[in-house]
Structure formats: structure tokens, C-alpha cells
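Reading the structure
These are the residues of each chain, in order.
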Amino acid sequence: MLLIHCPYCDQQRAEIEFAYAGEAHIARPLDPAAMSDEDWARYLFIRSNPRGRHHERWRHIHGCGRFFNAVRDTATDKFEATYQAGKPRR
Amino acid sequence: MSEALARSEPVSAQFYSGAGVSLSLAAPMARYALRARQPEPLEHLLGFELPRQIGAIKGGAACLGPDEWLLRGPVATTVATGAGLPVSITQVSDRSVCLLVDGPHAADVLAAGCPLDLDRFAVGRATRTVFEAVEILLLHTSDDRFEVEVWRSFAPWLKKALETAARQLR
Ligand SMILES: [Zn+2]
């Protein structure tokens, strides 16, 4: 059973309680209308997709309900850290 | 009130009784979902202090998340609407039913489908979690009693799953 530390509950909880929610720290552009189609498409669809250290969002959906950020190694599936949404990138 | 009396429950009152564990349906109760960034306006309306730590229970209110509480009380319990305040108060009494898991083997039955570390889930704790495929709210209310809040439509399935786990105890 893979355990994930929820930074709001401050507990290790089973992965089955969580939902993955894509790459983290992607800010929505403030003025989409001023962007070229290419830039908009890059914002919508292009992700870093690294092999290794990846910043991503998770949600403790069957727990406290909160979104938070995590650093996970995509090759080993090891979580390096989890931290509350809005906190600086680790 | 007549509506409450005429309502049919999704599972029978006492549905399993075996060695070390019994399963039953709790009596109807009032439930309120309380949301607020800051708990103070809610506390002012309720007239008591809400638990601040996620997972704690106090005065019938369980803290489920940083801005979320579930208040459970007798059927007649009412809470002001909170109009004009930065709070959300929703009456959800009939959203779920409560299944009671009683007895010295209560935790063993729950461990069959719930990933929580129940040895470290002390009396007075509450949390949303899962049992097999359904979301539940689990409350540890006394040494030998766990209360399982589950959405009404999931209750017959959960009843069967708990019963199956209970039958397999040795
Ligand atoms: Zn959590």
C-alpha cells in the first residue's frame, strides 16, 4: 500500500484516498485574450513530463478534501515531499 | 415530522449479530454541513467552540477539513441559516445514514475494507475515508463502537460488505 502524507491532515494515508490532479505550479495566464493561439495551446496542453523529480497536484478527496502539492519521482514513485497549496515550490 | 416517521430506511435496524461484533442502523439524526474559512462566525451561531484539529470531535461536531465540519445531533436540532455571515450551513440530515459497528471485534470488521491505521484511530476521532469502493465518514465514538456515515444509496451495499467481513471473523 502506497502511503501519501497529507499536509493538511498531517498524516500518512493510503493512496486510495487521493486523486492525482496533474502538474503543479502552472499559473493561469492573467489575460488569455492577449495571447497567441500557440502560447495558449502551450499553457493548456504542454507539460514538462520529466523522468524523475516531478511537481504535481494531488487531492485528499476521500479525506479532508484539500488540494496540495507534492514532489514525486516518476521513475521510483517515491514521494520526496508534500506541502500545502500556495506554498513556494520545493 | 410525519415525513420522518413515514420514511423507509435503506437497511434494517439490527442486521447482524455475531461473536464479538454486531451491526445495526443508528436512529435518524439531524446533520449539518458547516463550512467557513474562519470558525468564529459559526461558533457564534452555534454557541459552542468547534474543534480546530482535523479529525477531532467536540460537542457533536467533527472537523473534517481545514474549513469543514459535520454537526450531528438529535432530530430536532436546528441551526440558524447564517445569512449575511461568511459561512455556509447546509442541512444534510437525509443525505446519509449511520451504521453502528459494535463489539470487541469492531475494528477487525472495519479493517477488512478500510485502509486507515485503526490502532492509531483513537476514541474521539473522525475522518472521511473509504470502505472498499465507497466513501464513508468513520467516527470512533467509544472503545467498542465505530459509527459509519454513508450516503443512503450506498448503504445496502455497505451493509452487505460489513456483514460479509463480520461473518469471516474467527
Ligand atoms: Zn487530508
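Keep in mind the model is a prediction, meaning the values are calculated, not measured.

Conventions and cut-offs
Residues numbered from 1 in each chain as written. Chains lettered and ligands numbered in written order. Predicted model: local features only at pLDDT ≥ 70, side-chain atom pairs only at ≥ 80, totals over all residues. Heavy atoms only, no water. 1 Å grid on protein atoms, 1.4 Å probe; cavity = no way out; pocket = protein on both sides within 12 Å on 5 of 7 lines; lining within 4 Å. Points joined across faces, edges and corners; volume = space filled by probe spheres on them. Helix = DSSP H or I, 4+ residues; strand = E, 2+ residues; numbered from the N terminus. Nonpolar A, V, L, I, M, F, W, Y, C, P; charged D, E, K, R; others polar. Domains from an automatic or database assignment. Core = buried A, V, L, I, M, F, W, Y, C linked by side-chain atoms within 4.5 Å. Buried < 20%, exposed > 50% of the residue type's maximum accessible area, 1.4 Å probe, protein only. Contact = heavy atoms within 4.5 Å. Pairing = 2+ DSSP bridges. Donors = N, O, S within 2.8 Å, 3.2 Å for Na, K, Ca; no water. Tetrahedral: all angles 85-135°; square planar, octahedral: opposite > 155°, others 65-115°. Buried area = accessible area lost by both parts, 1.4 Å probe. Salt bridge = Lys/Arg side-chain N within 4 Å of Asp/Glu carboxyl O. Polar contact = N/O pair within 3.5 Å; in protein donor to acceptor, adjacent residues only side chain to side chain.

**Quick notes on empty space enclosed by the protein**
In this structure the tally under the stated criterion is one cavity of 30 Å³ or more. The volume enclosed by the largest cavity comes to roughly 30 Å³. Lining the largest cavity are Cys-9, Gly-63 and Cys-64 of chain A together with Ile-54, Gly-55, Cys-63, Leu-64, Ala-126, Thr-127 and Arg-128 of chain B. Of all the elements in the fold, those that place two or more residues in the lining of the largest cavity are strand S5 (61-65) and strand S9 (126-131) of chain B. Ranked by the residues each element gives to the lining of the largest cavity, the list is headed by S9 of chain B, at three residues. Looking at the lining of the largest cavity residue by residue, the classes come out as six nonpolar, three polar and one charged. When residues of the lining of the largest cavity are sorted by domain, at least three fall in each of domain 1 (12-28 + 94-167) and domain 2 (30-91) of chain B.

**Section: the nonpolar core**
Counting residues in each nonpolar core, the largest one holds 29 residues, and the members touching the most others are Leu-99, Val-101, Leu-110, Leu-138, Leu-158 and Leu-162 of chain B. Residue assignment for this core shows that the elements contributing at least two residues are strand S1 (14-18), strand S2 (21-25), strand S8 (96-102), helix H3 (106-111), strand S10 (134-142), strand S11 (145-151) and helix H4 (155-167) of chain B. It is H4 of chain B that provides the largest number of residues to this core, a total of six residues. Ignoring any residue separated from it by four or fewer positions in sequence, one finds Leu-99 of chain B in contact with Val-11, Phe-15, Ser-24, Leu-25, Phe-146, Glu-147, Val-148, Val-150, Leu-158, Lys-159 and Leu-162 of chain B. Residues Cys-9 and Phe-68 of chain A together with Tyr-32 and Ile-54 of chain B belong to the second largest nonpolar core, which totals 25 residues.

**A few points about the sheet that holds S5 of chain B**
Residue and element names in this part refer to chain B. Here five strands make up an open sheet; going across it, the order is S4-S5-S6-S3-S7 and the pairing antiparallel. The sheet is open, and its two edges are formed by strand S4 (57-58) and strand S7 (88-91), each paired on a single side. With two bridges connecting them, S4 and S5 associate as antiparallel partners. Along S5, the bridge assignment pairs Ile-57 with Ala-62.

**Looking at the coordination of the zinc ion**
All names here are of chain A. Cys-6 (SG), Cys-9 (SG), His-60 (ND1) and Cys-64 (SG) make up the full set of protein donors to the zinc ion, lying at 2.0 to 2.4 Å. Bound by four donor atoms, the zinc ion shows angles of 106 to 115° at the metal and therefore tetrahedral coordination geometry. Sequence spacing of the donor residues for the zinc ion, all on one chain, is C-x2-C-x50-H-x3-C. Each member of the pair Cys-6 and Cys-9 is classed as buried.

**Overview of the layout of surface pockets**
By rolling a water-sized probe across the atoms, one finds the places where empty space is left. Residue and element names in this part refer to chain B. Reported here for the largest pocket is a volume of approximately 520 Å³. The wall of the largest pocket is formed by 26 residues, among which Leu-64, Glu-68, Arg-95, Arg-128 and Glu-135 lie closest to the centre. Listing elements by their share of the lining of the largest pocket, those giving two or more residues are strand S3 (30-35), strand S6 (68-73), S7, S10 and S11. Considered class by class, the residues forming the lining of the largest pocket number twelve nonpolar, four polar and ten charged. When residues are assigned to domains, the lining of the largest pocket turns out to be shared by domain 1 (12-28 + 94-167) and domain 2 (30-91), each giving three or more.

**Thoughts on the domain arrangement of chain B**
All names here are of chain B. Taken domain by domain, chain B consists of domain 1 (12-28 + 94-167) and domain 2 (30-91). Centre-to-centre, using C-alpha coordinates, domain 1 lies 23 Å away from domain 2. With 13 residues of domain 1 at the interface, the matching set in domain 2 holds 13 residues. Taking both partners together, domain 1 and domain 2 bury about 1100 Å²; carbon and sulfur atoms supply 44% of that area. By the criterion of area lost to domain 2, the three top residues of domain 1 are Arg-125, Ala-126 and Arg-128, representing 36% of everything that side buries. Our enumeration of links across domain 1 and domain 2 arrives at four salt bridges. Between Arg-72 and Glu-149 there is a salt bridge, with its nearest N and O atoms 2.6 Å apart. Taken together, the connections running from domain 1 to domain 2 amount to nine residue pairs in polar contact (both at pLDDT 80 or more). At the level of secondary structure, the elements contributing two or more residues to the side of domain 1 that touches domain 2 comprise S8, S9, S10 and S11.

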